[in-house]
Amino acid sequence: MAPCTKHPEQEAASSCKICFEPYCSSCRFHRLFICDGCFFKILIMLLVAMIIVSFVAWFGIFG
Ligand SMILES: [Zn+2]
Ligand SMILES: [Zn+2]
């Protein structure tokens, strides 16, 4: 098995379901089957989606 991209000394337990990078059991979000980088990407996407939805709601009521 390939080593983890974040922890080169650790062997990868699985690979990310989004970017297919190998990650180990020490990586924080390994239980979600994604790597740390993709978790933050999803978090930012959700944040942007929430901002867009709140803007639509605002202009839907007051526009
Ligand atoms: Zn990833
Ligand atoms: Zn790791």
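What counts as what
Positions within a chain are numbered from 1, following the residues in the order the chain's sequence is written. Lettering for chains starts from A, numbering for ligands starts from 1, and both go in the order in which the items are written. Local features in this predicted model are restricted to residues whose pLDDT is 70 or higher, and side-chain atom pairs enter the listing and the counts only when it is 80 or higher, whereas totals over whole chains, interfaces and linings include all residues. Secondary structure is summarised from DSSP: a helix means a run of H or I of at least four residues, a strand means a run of E of at least two, and numbering begins at the N terminus for each. The reference for a compact globule is 2.2 Å times residues^0.38; the radius of gyration itself is calculated from the C-alpha atoms. For every residue, the other C-beta atoms within 10 Å of its own C-beta are counted; 20 or more classify it as buried, 12 or fewer as exposed, and values in between as partly exposed. C-beta atoms are placed from the backbone. Note on contacts: each residue gets a C-beta atom placed from the backbone, and two residues are in contact if those atoms are within 7 Å.

A count of helices and strands for the protein chain gives one helix and two strands. Secondary structure elements in the protein chain, listed N-terminal to C-terminal, are β-β-α. Computed over its C-alpha atoms, the radius of gyration of the protein chain comes to 17 Å, more than 25% above the 11 Å expected for a compact globule of 63 residues. In terms of its C-alpha atoms, the protein chain occupies a principal-axis envelope of roughly 55 × 15 × 15 Å. Residue burial in the protein chain is summarised as follows: out of 63 residues, 11% are buried. Contacts in the protein chain between residues far apart in sequence, at least 24 positions, make up 2% of those at least 6 positions apart.

So, about the environment of isoleucine 34. If you trace the backbone, isoleucine 34 turns up in the loop between strand 2 (22–23) and helix 1 (36–62). A sequence separation of 24 residues divides isoleucine 34 from glutamine 10, and the C-alpha atoms of the two residues are 17 Å apart. Those residues in contact with isoleucine 34 that sit more than four places away from it in its chain are Cys16, Lys17, Ile18, Phe29 and Phe39.

Although it is not a glycine, phenylalanine 20 sits at a positive phi angle of roughly 65°. With respect to the helices and strands, the residue phenylalanine 20 is situated in the loop between strand 1 (14–15) and strand 2. In this structure, phenylalanine 33 is a non-glycine residue whose phi angle is positive, near 65°. The residue phenylalanine 33 is located in the loop between strand 2 and helix 1 in this model. Owing to 13 C-beta atoms within 10 Å, phenylalanine 33 belongs among the partly exposed residues under this scheme.

Looking now at the environment of isoleucine 18. Take isoleucine 18: it is sitting in the loop between strand 1 and strand 2. With 20 residues separating them in the primary sequence, isoleucine 18 and cysteine 38 have C-alpha atoms 7.0 Å apart. With sequence-adjacent residues up to four places away left out, isoleucine 18 is seen in contact with Ile34 and Cys38.

Everything listed here is a matter of geometry and, on its own, says nothing about what the molecule does.
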